[in-house]
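Architecture at a glance
For reference, the chains in residue letters:
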Amino acid sequence: MHNADYFINHLQLEQHVEGGYYRSSFRSQDGFDDRRQLWTSIYFLLRTGEVSNFHRLTADEMWYFHAGQSLTIYMIDPQGQLITAQLGLDIANGEQPQVLVPKGYIFGSAMNNDGFSLVGCMVAPGFTFDDFELFSQETLLAQYPQHDDVVRRLSRPGIGN
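Summarised in this report is the structure supplied together with it. Please read all numbers here as calculations on a predicted model, not as lab measurements.

Regarding the overall build of the protein chain
When its secondary structure is counted, the protein chain shows 3 helices and 11 strands. For 161 residues, the compact-globule estimate of 2.2 N^0.38 gives 15 Å, and the protein chain sits close to it at 15 Å. Dimensions of the protein chain, computed from the C-alpha atoms along their principal axes, are close to 40 × 40 × 30 Å. Across the 161 residues that make up the protein chain, the buried fraction comes to 47%. Contacts spanning at least 24 positions in sequence make up 70% of the contacts within the protein chain whose residues lie at least 6 apart. Of the roughly 8,300 Å² of accessible surface on the protein chain, a fraction of 48% belongs to carbon and sulfur atoms. Positive and negative charge centroids in the protein chain, built from 10 and 19 side chains respectively, lie 3 Å apart.

With respect to the sheet that holds strand E1 (residues 14-15)
Spatial strand order, E1-E2-E3-E10-E5-E8: 6 strands in an open sheet with antiparallel pairing. The sheet is open, and its two edges are formed by E1 and strand E8 (98-101), each paired on a single side. Note: E1 against strand E2 (residues 21-27), 2 bridges, orientation antiparallel. Residue Gln-15 lies in a different strand from E2, and its bridge partner there is Tyr-21.

Structural notes on the pattern of salt bridges
Taken as a whole and assessed by the stated rule, the structure comprises 6 salt bridges. The salt bridge involving Asp-131 is made with Arg-36; its shortest N-O contact spans 3.8 Å. Here Asp-131 is found in the loop between strand E10 (116-124) and strand E11 (132-134), whereas its partner Arg-36 is found in the loop between E2 and strand E3 (40-47), with 95 residues between them in sequence. Since its relative accessible area comes to 8%, Asp-131 is described here as buried. Connected through shared salt-bridge partners, Asp-33, Arg-35, Arg-36 and Asp-131 make up one network.

Examining the side chain of Ser-52
Relative to the assigned elements, Ser-52 resides in strand E4 (residues 51-57). By relative accessible area, which is 0% here, Ser-52 ends up buried. Among the polar contacts listed, one links the side chain of Ser-52 to the side chain of Glu-18, at a separation of 2.7 Å.

Reading the values: rules and limits
- In this numbering scheme, every chain counts its residues from 1 along its sequence in written order.
- Residue-level local features of this predicted model are given only where pLDDT is at least 70; pairs of side-chain atoms are given and counted only at 80 or more, and the full residue set underlies all totals for whole chains, interfaces and linings.
- With hydrogens and water set aside, each side-chain value is computed from the structure's full complement of heavy atoms.
- The numbering of helices and of strands both runs from the N terminus, where a helix is a DSSP run of H or I of at least 4 residues and a strand a run of E of at least 2.
- Restricting the calculation to C-alpha atoms gives the radius of gyration, and the globule rule supplies 2.2 Å times the number of residues raised to the power 0.38.
- Buried means the residue's accessible area, taken with a 1.4 Å probe over protein chains only, is under 20% of the maximum for its type, while exposed means over 50%, and partly exposed covers the values in between.
- In what follows, residue pairs with any heavy atoms lying within 4.5 Å of each other are defined as contacts.
- In this description, accessible areas are obtained by the Shrake-Rupley approach with a 1.4 Å probe, and a residue is regarded as covered only by the protein chains that are shown.
- Under the convention used here, Asp and Glu are negative, Lys and Arg are positive, and both His and the chain ends fall outside the count.
- Charged side chains are reduced to one point each, which is NZ for Lys, CZ for Arg, CG for Asp and CD for Glu.
- Two strands pair if DSSP finds at least two bridges between them.
- Any Lys or Arg side-chain nitrogen located within 4 Å of an Asp or Glu carboxyl oxygen qualifies as a salt bridge.
- Nitrogen and oxygen atoms within 3.5 Å of one another constitute a polar contact, given that in protein one can donate a hydrogen and the other can accept it, and given that sequence-neighbouring residues count only through two side-chain atoms.

Don't take any of this as a statement about function, it's just geometry.
Here it is, written out as structure tokens:
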């Protein structure tokens, strides 16, 4: 059985600003507009104790489970409702091997058990850091005090907007 270091090394993953590790894996050959590809895809990995901090994209992002432990994707929709989805292969217990995060949702993720989680994420139209917004804990707590526990878990003080 492979561990997180195996995937980090063999897939040449780098630390991501939102937490965890990533590497761009595929890019559409076709352009969407003058600055974005039609779609892009990455590998993304979390280890025990790491989270994907709350952020928002201007495009849809499809998550695909690859290996390790399942994780929860936490999404705050434009009306402020907290939605969770389980990404994994235990379908009988509510996990899904693919989860869509709609554009404009604030979202982050955390593992459900110790170990690691390797996933793929495809963004359409293609990802650029110009379309990425990372949120500070202070901003989210002021805007969504009803989600205090998850906001504190998936954001950092003074980091982001």
